[in-house]
Amino acid sequence: MSTSPSAGAGMAWQNSQNRLLFLFEYTTVRYVGTDNKKIGLLYRIFQLTIMGYLIGWVFFKNKGYQVKDDTIESSVVTKVKGVARVNTTDSNLWGPEDYVFPSQGENFLSIATNFIETPNQKLGNCSENPEVPKNTCSKDEDCTVGEAVRAGNGIKTGVCLETHNGTCEIYGWCPTEIRKNPDPATIMREAENFTLYIRNFVRFSRFNFSTSNVPNENRTLYLKHCSYDEHFHPYCPIFRLGDIVNKTGHKFEEMAKRGASIGVLIEWLCDLDKDSDCRPRYSFVCLDKVTFDFRFARYSTDAAGQRQRTFYKVFGIHLDIMVCGTARRFCIIPTIVNIASAVTLMAAGSYICDIMLLYAMKKRTVYTESKLDRMTTNDKEIPLQIMPEGLKRKFSL
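Bear in mind the structure is a predicted one, so any value in this text is a computation, not a measurement.

Draft legend 1. Looking closely at the state of the cysteines. Tallied over the entire structure, the rule returns 5 disulfides. Here Cys126 engages in a disulfide with Cys174; their sulfurs sit 2.0 Å apart. With the S-S bond torsion at -80°, the cross-link from Cys126 to Cys174 turns out left-handed. Of the two residues, Cys126 sits in strand E7 (residues 108-127) while Cys174 sits in strand E9 (residues 167-174), which places them 48 residues apart along the sequence.

Structural data, given as structure tokens:
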């Protein structure tokens, strides 16, 4: 019996359709109800644990319904105010222009609190300081002409000054720097009351959000009367230097004598879903308490018209202002992802309870025979089709 080409093509098409039908098939999940109180209690505890994790830890603690931006763009401007009495060759009163380095406010600065002065230095020939290492000599050949003294104060002239502890003669600012330990008597006592004004601008580019640590309303009036206090004025950007030192757990007298390095941390934790919840938090930490010192000179001309200078070795408090922060805002995507993760974990609870029911319970054979196509109750095998309504398989749609 022959088959026409058109009939054969139709059968091929029908067969291909039948093969593709499996793509549109769906098999429902089958459930079997059981009155086992232990398994039921385990399942409810598992559900409550997942719900507590989702609500308490993910949403409440970690704010998993928000997206965050921890890339902060920051700009810092600083200004120091206060005067102090000093006993130097050039002056007896120093202002911020004298004791703050660098003079232009940035995110780091050094405030002088003690000093050692070497006055009236002039360019000429003199002996190098005996305390400078590798500078001793016994003859002129030991002092190479034109060689700079390492860690010294000038350039060797080729002459060995045996009368000066056997040191090389140098050309430089003479007399050389006075080397001694810092004296508590020269501490700038008024420095404890110096005030540091910090103005910080931040921006979170992901949310196109910008703000400042200085309030916009009544700014001038507020800054005139406030001073930072973690309880009464936690957002005031004006800090007393003595309070900054005390916050690190050290005494001002100790740090002012030899100097130290202090970190001022400004932390921004912004919840942009709440307009008022974007304020800075300040904290202070001692980074290095060993010694912090630097040198500078002030130049002048004597009565004879010769150039001279006063040289200072300064000990001070170095402040490094560090800014960090995170901004958050509600986003539907992480909310859905976290809820879906919790629902998936709840589904895993069903598998755990199934394992306990089928493998860990004493009467596990009741639930494992015939792959749950039949159930044995009171030593009688009951087909699922004729089981009572309460024990029939339930279908989830």
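Moving on, there is more to tell.
Draft legend 2. Summary view of the pairing of strand E8 (residues 154-161). With 5 bridges joining them, E8 and E9 adopt antiparallel strand pairing. In the sheet register, Cys160 faces E9, and the bridge partner there is Cys168. Hairpin geometry of E8 and E9 is characterised by an intervening segment of 5 residues between the two adjacent antiparallel strands and by a positive phi of about 60° at Asn165.

Draft legend 3. A look at a nonpolar patch on the surface. Taken together, the side chains of Phe330, Ile332, Ile333, Ile336 and Val337 present a nonpolar region at the surface, about 500 Å² in accessible area. Considering every element that reaches the nonpolar patch, the biggest residue donor is helix H7 (residues 332-360), with 4 residues. Its location among the elements puts Phe330 in strand E16 (residues 307-330).

Draft legend 4. Spotlight on the pairing of E7. Burial of E7 is extensive: 14 of the 20 residues sit out of reach of the surface. The sheet contact formed by strand E6 (residues 100-101) and E7 spans 2 bridges and is antiparallel. Looking at the pairing, Val100 lines up with Ile111 of E7. Taking the residues that link successive antiparallel strands as the turn, the E6-E7 hairpin has 6 residues. Pairing analysis gives 11 bridges linking E7 to E16, with the strands arranged antiparallel.

Draft legend 5. Quick peek at the nonpolar core. In this structure, Tyr99, Met188, Phe194 and Leu319 are the most contacted members of the largest nonpolar core, which totals 48 residues. Sequence-distant contacts of Met188, defined by excluding residues within four places in its chain, comprise Ala84, Val86, Trp94, Tyr99, Ala112, Thr113, Asn114, Phe194 and Phe252.

Draft legend 6. Structural detail: the packing of aromatic side chains. Here the structure, examined in full by the defined rule, presents 16 aromatic pairs. Members of the aromatic cluster, connected to one another through ring pairs, are Trp94, Phe101, Phe115, Phe292, Phe294, Phe296 and Tyr312. A cation over a ring is seen here: Arg279 above Tyr235, with NZ or CZ 4.6 Å from the ring centre.

Draft legend 7. Here's a closer look at helix H2 (residues 37-61). Over its 25 residues, H2 extends 33 Å from the first C-alpha to the last, a length consistent with the 36 Å expected when each residue adds 1.5 Å. When the local axis directions of H2 are compared, the greatest deviation, roughly 25°, occurs at Tyr53. Of all the positions in H2, only Ile39, Gln47, Ile50, Leu54, Val58 and Phe59 are classed as buried. At the C-terminal side of H2, Lys63 shows a positive phi close to 50°.

Calculation rules
Residues numbered from 1 in each chain as written. Predicted model: local features only at pLDDT ≥ 70, side-chain atom pairs only at ≥ 80, totals over all residues. Heavy atoms only, no water. Disulfide = S-S within 2.5 Å. Helix = DSSP H or I, 4+ residues; strand = E, 2+ residues; numbered from the N terminus. Pairing = 2+ DSSP bridges. Patch = residues over 30% accessible without salt bridge, like charges linked within 9 Å, V, L, I, M, F, W, Y side chains within 5 Å. Areas by Shrake-Rupley, 256 points an atom, 1.4 Å probe, with all protein chains shown as cover. Salt bridge = Lys/Arg side-chain N within 4 Å of Asp/Glu carboxyl O. Buried < 20%, exposed > 50% of the residue type's maximum accessible area, 1.4 Å probe, protein only. Core = buried A, V, L, I, M, F, W, Y, C linked by side-chain atoms within 4.5 Å. Contact = heavy atoms within 4.5 Å. Phe/Tyr/Trp six-rings, centres within 6.5 Å; stacked < 30°, edge-to-face > 60°. Lys NZ or Arg CZ within 6 Å of the ring centre and 35° of its normal. Expected span 1.5 Å × (residues − 1). Bend = angle between axes of the 7 residues up to and from the residue.

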